[in-house]
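# Examining the three-dimensional arrangement
One letter stands for each residue in the lines below.
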Amino acid sequence: MPMQIVRTSPIEGQKPGTSGLRKKTSVFKRPHFLENYVQSTFNGIGGVRGKVLVIGGDGRYFNDDAIQVILRMAAANEAARCIVGQGGIMSTPAVSHLIRKRKADGGLILSASHNPGGPDADFGLKYNGPNGGPATETVTDKIFANTRDIDLYKITAATPVDIDTLGLRRHEGMEVEVVDSVADYAALMQTLFDFDKIRALFAGGFTMRFDAMHAVTGPYAHAILEGRLGAAKGTVVNGKPSPDFGGGHPDPNPIWAKDLMDTMYGPLAPDFGAASDGDGDRNMIVGRNTYVTPSDSLAVLTAHAHLAPAYKDGLKGVARSMPTSRAVDRVADSLGIACYETPTGWKFFGNLLDAGKATLCGEESAGTGSDHVREKDGLWAVLLWLNILAETGKSVAELMADFWASYGRCYYSRHDYEEVESDKANAMMDALRAKLPTLAGTQVSGLTVEAADEFAYDDPVDGSRSTGQGLRIAFAGDARAVFRLSGTGTAGATIRLYLEQLETAADKLQMSPEEALENVRGAAMILSDLTALTGRTEPDVIT
Ligand code: G1P
Ligand code: ZN
């Protein structure tokens, strides 16, 4: 077999972050960079000899070249079979599903999620385990350790593998099975939701706009929404994936999905709007004149999930990442089910889902999902919303008003300070961390600090402990500020400040989030000294 063993040496900066390894594309294209990381991943999971892997990516620039390298390395490392999405394309939740459905040993996802794509933008690679979910920290630690002492990688000769034609073929002793990227996923969705009911909703004149943001969900949304569910042609916009996402930023939030927001707040707004990100795991939900925060979306879905066939017997429990608002906690409380608080990153939900402790999970960063896969799932969230709208006959605005009237409203906002010099960001976090034990009882900006600590998580399933997961300050009156540094950025440091304030008074449920959060924002700025320590006065992005 024309297999090469290539001598190499460790390359700095290969520590996996919140969601795999993300770097500038130009860094990934440096000699040996990708190869080192792929071999370290293979080594970190005990080799791939005789194993079956699922491989797909979000189609961003470099997807096609990188997937060829990965296939050649899988063959050289004696994998038995790689199951590849046609053209190398598959959404993150679709990969997760396929790993599970085919009982594969794991998978590789080529994506930097919502980060822009292109030669000057971002690329990423992550490994998912046999449960279909992102590798746990134990595994990513092993991968990282391997990147630190790698001295060789294995790769076959540079013969391109045909991944455009469906079917089974061989590459240097390994089987390559090219599958339709959409079919299995669409079939799964049909088992979860009442497609007849949703089809009837559309047939009755219900209108929708789904913005695929030139990213991977375009083909999925066309096939499911316009195909199986009969939504009008043109419901899906920006539905053709492009390597640089049409030059945009495929992050479904009010800033980057501004076109959709403008439509939904304009005179010709359809009944329902949604968007998804680069690799199809995030979602944004917006009704006519009504943006739904991801934290509220998780809570509303929890309250109404039983209306969809897959969840008709109720939920085993729910889980949210620590900075996500506590709206869902209030629903879980009233349903009498457990609510778990995990660190940021989907990998922490895997154990809870596997152990049957949680059915729904979500993050404030536009991620929602359930135990149907082990990733967050953008289209799944959209379909569950549609199922709920079809069953209740209510508009998004009505559902939200009813929800807040029952549970109170957790006003919520995230402020991102991007590309802060790492030293300064770390200095700010260090100073605040040092101050936390002294804060209880402090009066600041009209609020009283009730408790302050650094979040650590003890996984109730495997007993592992994850420390350093964000600085949180709780104020009397159910207000909260959380600071953490992003683990997905590719330049400098991003400080994330999460603000939350609960209101239960009937006359305070329709305020603007800025107004409702003014005090807690003021308190957070004073306590962190962010402006003095970083030189930043305003966040770059508010979501
Ligand atoms: C961000 C989000 C987090 C999400 C991750 C991957 O991570 O905050 O919720 O799981 O992207 O999509 P961060 O950059 O904050 O580390
Ligand atoms: Zn994503």
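Residues numbered from 1 in each chain as written. Chains lettered and ligands numbered in written order. Predicted model: local features only at pLDDT ≥ 70, side-chain atom pairs only at ≥ 80, totals over all residues. Heavy atoms only, no water.

We now examine the overall build of the protein. When its secondary structure is counted, the protein shows 18 helices and 27 strands. A compact globule built from 543 residues should have a C-alpha radius of gyration of about 24 Å, and the protein, at 23 Å, falls within 12% of that. Across its three principal axes, the protein shows a C-alpha extent of roughly 75 × 60 × 40 Å. In the protein, of all internal contacts separated by at least 6 residues, the share reaching a separation of at least 24 is 72%. The positive charge centre, built from 54 side chains, and the negative charge centre, built from 68, are 4 Å apart in the protein. (Helix = DSSP H or I, 4+ residues; strand = E, 2+ residues; numbered from the N terminus. Rg over C-alpha atoms; globule rule 2.2 N^0.38 Å. Contact = heavy atoms within 4.5 Å. Lys, Arg positive; Asp, Glu negative; His and termini not counted. Charge placed at Lys NZ, Arg CZ, Asp CG, Glu CD.)

Take helix H6 (residues 183-192) next. Each α-helix winds once per 3.6 residues, and so residues spaced three or four apart point in a common direction. Along H6, the residues classified as buried are Tyr185, Ala186, Leu188, Met189 and Leu192. Buried positions in H6, seen along its axis, are confined to an arc of 160 degrees and lie on one side of it. Residues of H6 that are buried in the fold lie against helix H4 (92-101), helix H7 (195-203), helix H8 (217-228) and helix H13 (378-392). (Buried < 20%, exposed > 50% of the residue type's maximum accessible area, 1.4 Å probe, protein only. Arc of directions from axis to C-beta.)

Let us look at the site of ligand 1. Around ligand 1, the structure places 15 residues, and the nearest of them are Thr18, Ser365, Gly487, Thr488 and Arg496. Arg496 is positioned such that a nitrogen or oxygen atom in its side chain is 2.6 Å from an oxygen atom of ligand 1. About the coverage of ligand 1: the protein hides 98% of its 380 Å² of free accessible area. Looking at the shell around ligand 1 residue by residue, the class counts come to no nonpolar, eight polar and seven charged. (Near = heavy atom within 4 Å. Polar contact = N/O pair within 3.5 Å; in protein donor to acceptor, adjacent residues only side chain to side chain. Areas by Shrake-Rupley, 256 points an atom, 1.4 Å probe, with all protein chains shown as cover. Nonpolar A, V, L, I, M, F, W, Y, C, P; charged D, E, K, R; others polar.)

This part covers the coordination of the zinc ion (ligand 2). Every protein donor of the zinc ion (ligand 2) is listed here as Ser113 (OG), Asp277 (OD), Asp279 (OD) and Asp281 (OD), and their distances to the metal cover 2.0 to 2.1 Å. Bound by four donor atoms, the zinc ion (ligand 2) shows angles of 86 to 159 degrees at the metal and therefore irregular coordination geometry. Along the chain, the residues donating to the zinc ion (ligand 2) fall in the pattern S-x163-D-x1-D-x1-D. By the burial criterion, Asp279 is buried, and Asp281 matches it. (Donors = N, O, S within 2.8 Å, 3.2 Å for Na, K, Ca; no water. Tetrahedral: all angles 85-135°; square planar, octahedral: opposite > 155°, others 65-115°.)

Relative to the elements of secondary structure, Ile255 occurs in the loop between strand E11 (236-237) and helix H9 (258-264). For Ile255, a relative accessible area of 37% puts it in the partly exposed group. Residues Ile255 and Thr543 lie 288 residues apart in sequence; the distance between their C-alpha atoms is 7.3 Å. With near-sequence residues (within four places) excluded, Ile255 lies in contact with Val541, Ile542 and Thr543.

Moving on, we come to the packing of H13 against helix H14 (residues 396-407). The interhelical angle for the contact between H13 and H14, taken along N-to-C directions, is 85 degrees, at an axis separation of 11 Å. On the basis of the axis angle, H13 is roughly perpendicular to H14. Here Trp385, Ile388, Leu389 and Thr392 of H13 come into contact with H14, specifically with Val396, Leu399 and Met400. Residue composition of the contact of H13 with H14, grouped by class: six nonpolar, one polar and no charged. (Axes fitted to C-alpha atoms, helices over the stretch in contact; angles between N-to-C directions. Parallel < 35°, antiparallel > 145°, perpendicular 65-115°, else oblique.)

The next point concerns the sheet that holds strand E25 (residues 479-485). The sheet built from seven strands is open, its strands ordered E20-E21-E24-E25-E26-E19-E27 with antiparallel pairing. Both outer strands of the open sheet, strand E20 (443-444) and strand E27 (541-542), are each paired with one neighbouring strand and no more. Two strands pair when backbone bridges link them, and strand E21 (residues 447-454) and strand E24 (residues 471-475) are joined in this way by five bridges, in the antiparallel orientation. Paired with Val449 across the bridge in E24 is Phe475. (Pairing = 2+ DSSP bridges.)

Time to look at the packing of aromatic side chains. Under the criterion given, the structure shown has 11 aromatic pairs. Taking the centre distance of 5.1 Å and the plane angle of 75 degrees together, the rings of Phe28 and Phe123 count as edge-to-face. Pair noted here: Phe28 is in helix H1 (residues 25-28) and Phe123 is in strand E6 (residues 122-128), with a separation of 95 residues, a long-range link. There is no split in this pair, since Phe28 and Phe123 are both buried. Put simply, the rings of Phe28, Phe33, Phe62 and Phe123 touch in pairs and so form one group of aromatic residues. Note that Lys15 overlies the ring of Phe144, its terminal NZ or CZ placed 4.9 Å from the centroid. A cation over a ring is seen here: Arg409 above Trp404, with NZ or CZ 3.8 Å from the ring centre. (Phe/Tyr/Trp six-rings, centres within 6.5 Å; stacked < 30°, edge-to-face > 60°. Lys NZ or Arg CZ within 6 Å of the ring centre and 35° of its normal.)

Moving on: the nonpolar core. Side chains of nonpolar character tend, in soluble globular proteins, to be buried together. Counting residues in each nonpolar core, the largest one holds 74 residues, and the members touching the most others are Phe193, Trp380, Trp385 and Leu386. It is H13 that contributes the most residues to this core, 11 residues altogether. Counting 39 residues, the second largest nonpolar core, distinct from the first, contains Leu21, Tyr37, Cys82 and Tyr153. (Core = buried A, V, L, I, M, F, W, Y, C linked by side-chain atoms within 4.5 Å.)

Taken together, four strands build an open sheet; the order of strands is E16-E15-E17-E18 and the sheet is mixed. Both edges of this open sheet fall to strand E16 (338-342) and strand E18 (367-370), since each of them pairs with a single strand only. Across this sheet, the average inter-strand angle for adjacent strands is 15 degrees, counted without regard to direction. Bridging between strand E15 (residues 317-321) and strand E17 (residues 360-363) involves three bridges; their strand directions are parallel. Looking at the pairing, Val318 lines up with Leu360 of E17. Most of the contacts of helix H10 (residues 294-304) go to E17, to which it runs at about 170 degrees, and overall it touches E15, E17 and E18.

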